[in-house]
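Now for the letters of each chain:
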Amino acid sequence: MDIRVGVKVEGRETVLKILGMHCATCSLTVQRALLSVRGVRWAEASLASNEARLVASPELDYGELLKAVRRVGYDVYREAVYISVPGARPEDAAAVERAARLWGVFRASFSPATSLLYVEYNPLEVGPRDVAEALARAGFKAGEVSRSEVDVDVDRKAAERDARDLASRLLPAVPITAVLMASMMFPAVPPLAQLLMASAVQFYSGWRFLSGAYRAFRNGTANMDTLVALGTLSTFTYSAYAALTGGRAFFEASAAVITFVLAGRYMESRMKLKTGDAVRRLAQMAPPRARVKTGEGFTEVDSAQVEPGQLVEVREGERIPVDGYVEEGMGYADESAFTGEPMPAEKKPGDLALAGTLLVRGRLLVRATRSGAHTYLAEVVRLVRQAQNARLPIQRLADRVAGVFTWAVMAAAAATFAAWALRGAPPGQALLFAASVLVVACPCALGLATPLAVVVGVGRAAEKGLLVKNPEAFEKALRARFAVFDKTGTLTKGSPRVVKYVGDVEALAYAASAESQSTHPLARALVDYASELGLAVQPPESYDSFPGMGVYATVGGRSVGVGNERLMEALGAEVPQGMRELAEGLRSEGLSAVYVAVDGKVRGLAALGDKLRPDAASAVQRLRSMGLEPVVASGDNERAVAAVAAKLGISRYFGGAEPERKAEIVRRLREEGGVIFVGDGVNDAPALAAADVGIAVSNGTEVAKEAGDVVVARGDLSKVAEFLQISRRVEANARFNLIWAFAYNIALIPIAAGLFYPALSLRPELAGLAMSLSSITVTLNALRLKRA
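Sequence order as written defines residue numbering, which begins from 1 separately in each chain. Only residues with pLDDT of at least 70 get local features here, since the model is predicted, and only at 80 or more are side-chain atom pairs given and counted; chain-wide, interface and lining totals rely on the full set of residues. Heavy atoms from the whole structure form the basis of all side-chain values; hydrogens and water molecules are not counted.

Caption draft 1: Spotlight on the overall build of the protein. In this text, helices come from DSSP runs of H or I with a minimum length of four residues, and strands from runs of E with a minimum of two, each type numbered from the N-terminal end. Summing up its helical and strand segments, the protein has 27 helices and 30 strands in all. Taking the principal axes of the C-alpha coordinates as reference, the protein spans close to 110 × 70 × 55 Å. We call a residue buried when its accessible area falls under 20% of the maximum for its residue type, exposed when it is over 50%, and partly exposed in between, using a 1.4 Å probe and counting protein chains only. Here the protein holds 788 residues, and 56% of them are scored as buried. Two residues qualify as a contact provided that any one of their heavy atoms is within 4.5 Å of a heavy atom in the partner residue. Taking the intrachain contacts of the protein between residues at least 6 apart in sequence as the baseline, contacts between residues at least 24 apart amount to 69%. Using a 1.4 Å probe, the Shrake-Rupley method yields the accessible areas, and only the shown protein chains count as cover for residues. Carbon together with sulfur atoms contributes 56% to the accessible area of the protein, which is approximately 32,400 Å² in total. For the purpose of counting charges, residues Lys and Arg are taken to be positive, whereas Asp and Glu are taken to be negative. His and the chain ends are not included. Note on charges: their place is set at NZ of Lys, CZ of Arg, CG of Asp or CD of Glu. Across the protein, the mean location of the 91 positive side-chain charges is 6 Å away from that of the 84 negative side-chain charges.

Caption draft 2: Local environment of the confidence of the model for the protein. Summarising the model, the protein shows a mean pLDDT of 84, and 91% of its residues fall at 70 or more. The predictor's confidence in any single residue is recorded as pLDDT, a number from 0 to 100. Counting interchain partners and residues more than four positions distant, the pLDDT-below-50 stretch residues 1-7 has 15 contacts. In this model, residues 148-152 is a region of pLDDT below 50 whose contacts with residues beyond four sequence positions or in other chains number 12 contacts.

Caption draft 3: The arrangement of the pairing of strand S9 (residues 116-121) in detail. With respect to burial, S9 is a largely interior element, 6 of its 6 residues being buried. Because side chains alternate across S9, one face comprises the buried residues Leu116, Tyr118 and Glu120, and the other comprises Leu117, Val119 and Tyr121, equally buried. Across 6 bridges, the pairing between strand S7 (residues 79-84) and S9 is antiparallel. Its bridge partner lying in S9, Ser84 is registered against Leu116. Across 6 bridges, strand S8 (residues 105-111) lies against S9 in antiparallel orientation. Across the sheet, Val105 pairs through a bridge with Tyr121, a residue of S9. At least two bridges found by DSSP between two strands are what make those strands a pair. A loop of 4 residues connects S8 with S9, the two strands running antiparallel in sequence, and Ser115 in this loop sits at a positive phi of about 60°.

Caption draft 4: Layout of the pattern of salt bridges. By convention in these notes, a salt bridge is any Lys or Arg side-chain nitrogen within 4 Å of a carboxyl oxygen on Asp or Glu. Using the criterion set out here, one finds 38 salt bridges in the structure. In this structure, Arg291 engages Glu313 in a salt bridge whose closest nitrogen and oxygen atoms are separated by 2.9 Å. With Arg291 in strand S11 (residues 289-294) and Glu313 in strand S13 (residues 311-314), the pair connects residues that are 22 residues apart, well separated along the chain. Like Glu313, Arg291 is buried. Put simply, Glu318 and Arg291 hold a salt bridge, and the shortest N to O gap is 2.6 Å. Of this pair, Glu318 sits in the loop between S13 and strand S14 (323-334) while Arg291 sits in strand S11, and the two are 27 residues apart along the sequence. Take Arg291: its relative accessible area is 16%, and that puts it in the buried class.

Caption draft 5: Broad picture of the packing of aromatic side chains. Pairing of aromatic rings covers Phe, Tyr and Trp, the last through its six-membered ring, and needs centres within 6.5 Å; plane angles under 30 degrees mean stacked, over 60 mean edge-to-face, and all others mean tilted. Scanning the entire structure with this criterion turns up 11 aromatic pairs. With centroids separated by 5.1 Å and ring planes inclined at 45°, the aromatic side chains of Tyr62 and Phe106 adopt a geometry described as tilted. With Tyr62 in the loop between strand S5 (51-56) and helix H2 (63-71) and Phe106 in strand S8, this residue pair connects regions lying 44 residues apart in the sequence. Across the pair, exposure class does not vary: Tyr62 and Phe106 are buried alike. Grouping aromatic residues by their ring pairs yields a cluster made of Tyr62, Trp103 and Phe106. Two thresholds decide whether a charge sits over a ring: the Lys NZ or Arg CZ must be within 6 Å of the ring centre and within 35 degrees of the ring normal. Cation over ring: Arg169 sits above Tyr204, and NZ or CZ is 5.0 Å from the ring centre. Positioned over the ring face of Trp420 is Arg423, at 4.7 Å from the centre of the ring.

Caption draft 6: Structural context of the packing of helix H7 (residues 207-218) against helix H8 (residues 224-245). Remark: H7 packs on H8, axes separated minimally by 8 Å, with the N-to-C direction vectors making an angle of 120°. Judged by the inter-axis angle, H7 sits oblique to H8. By crossing handedness, the relation of H7 to H8 is classed as left-handed. In contact with Arg208, Phe209, Leu210, Gly212, Ala213, Arg215 and Ala216 of H7, H8 contributes Asp225, Thr226, Val228, Ala229 and Leu233. Along the lines of polarity and charge, the residues of the contact of H7 with H8 split into 7 nonpolar, 2 polar and 3 charged. Geometry is summarised by axes, namely lines fitted to C-alpha atoms with helices restricted to the contacting stretch, and by angles between N-to-C directions that run from 0 to 180 degrees. Oblique is the label for every angle not falling under 35 degrees (roughly parallel), over 145 degrees (roughly antiparallel), or within 65 to 115 degrees (roughly perpendicular). For a crossing to be left-handed, the near helix must be turned anticlockwise from the far one by less than a right angle; the clockwise case is right-handed. When residues are sorted by character, Ala, Val, Leu, Ile, Met, Phe, Trp, Tyr, Cys and Pro go into the nonpolar class, Asp, Glu, Lys and Arg into the charged class, and all the rest, Gly among them, into the polar class.

Have a look at this one:
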């Protein structure tokens, strides 16, 4: 493929839409990140089009492109869908994901707990229909396709549809099996009639197992359907031969196995519906209608159709239908679904109001900013559902075991039959032992062990104000030794004020104008201070930021720099000795000091102060009591950081650390032990990515844009310790499920094989019942996390 004149690169081309690029340095950084991915042969990022084009080997792991871009602080535009895959078992998870990983798919994650496949894809390359067709080619049936922001309840619909199918196959099997089992003791039913009844159970009620086994065979794998199909078909076939030749038939065994397994799966499917209760409750909080002010009155409209800027009336006892800011009125809103705090929050003009929160007292007029699928509530629901489709790292062991487990069970069943036949047992008895081995084994419990714990745990965390974007954080957090905190906006309130300014007022106006394009808390403080003094703040003609140093802009044709000593040195602006000494004194008091340079000359010094969060000291102490060593890493001056660290009793701190140096500090600490980094989800992206667990303390509502594995809603530091507590519960629950699943199979397979016969044995129907109880036990144990 010809990419540029004189350059020919062979491979497959793709185009990515890049988010967050704003200068030439950004595009170069993205380009280098893509070239670092194994398999990429050529890449180029364009700032003009916000796109990156690259050529790569067709064997490239497409998801690595997304990881590389996000690792350097940018993002890739992508879309996501949920595709229900009815009939897929936990053992099919790898096959489902493998079929869905087409060129253009960043991530494909199948959750056995919900039978949903979550797919993130590049819409410039692939679409949901392509994925559905790929699933069909692999033998899987693709059900409903739902974009998360449109239908938040597709998992319930899929589970209910599966439950209805199970019930329709179970209902006729129950009376037929009862008759066949009764005929075992009272032989009143002729053999041919038994054959007809058993055929109905085998080929109608048991069709799910037969079709599932065939699909697994097509994909070169074996699963629980394979075991049930082999066990029941072998018993049924032998019994049919015996019935036609006058021998002893065992129709009740094959029919009972199918009936008991279907009954177990039906109970399991009904219980699985409860695992997603948390996210369903969140989704149902959004009121469908809103009262919009029109002229002198109000008109009721669909809440998703409210436009930004419109005024919405909310009365006492109603849920707020949109995101926005209070324009008029006062009241108290219950935000516990987002923050975990039971006390209602006061709402007055200028305060943020969130869709789905309950106005327990008062009346409000809210100026809408977002509605429908774009609200904070919709973002939370999407992130929670996405996280629920992940699996914990400890599940990898179970997945590896499950990959060979079914084949091992089939080998054990064959060995059982051969051993009993060699001992002179009748073929029918040897077959019953082999069938018992096949149906008692439960790879299903192994596959459900951690997905169910993740689904319930992520939902419970969301109820406590913790948005878990990467469930691997549950496991990694328990191995952490350090808790590293950013200072500004994390340990402090993030709303600093200018407490002192030295210099001329014109320089202050230039500084505020230069900082007007920045989102940093210190920048906002300078702009607010200039506005309070009545100074004119104008947009700069050009602007660039230098993380850890400051900003440089052109304002009214003048070159303006606002930042620390390093920025002044880079601009060639000499700091007067008296001003330098004043800055050192201010920093020793815990204040931040920034210089203002205009046309290469330092003309001002601003001192800014920020108060500690009220919960900072207790949060640090609580983490220390849980065995973590607190550390501070900040871009502020060393002396200012030392003052804050001293107030919190933290002995290890790092000052003057720009974002990349923070990431380096995290990497060095990881050599001593696991690291949890707690910081701003946008400015601290490199450090959050470098840590074992990144926790973004968010004060805004753009949670999807926050970096990190976990987002603490509304900036509550006490939630960091709560996350560790929930992590312990989820980890313990998942480990119990895995241990139970392994122990169950190790204990019952020898019994089913007749190793302790005649003292202890399991007929196939009892083996099928025991197998169903194994999955039910795992599901019930996971549901205990709802009370964590």
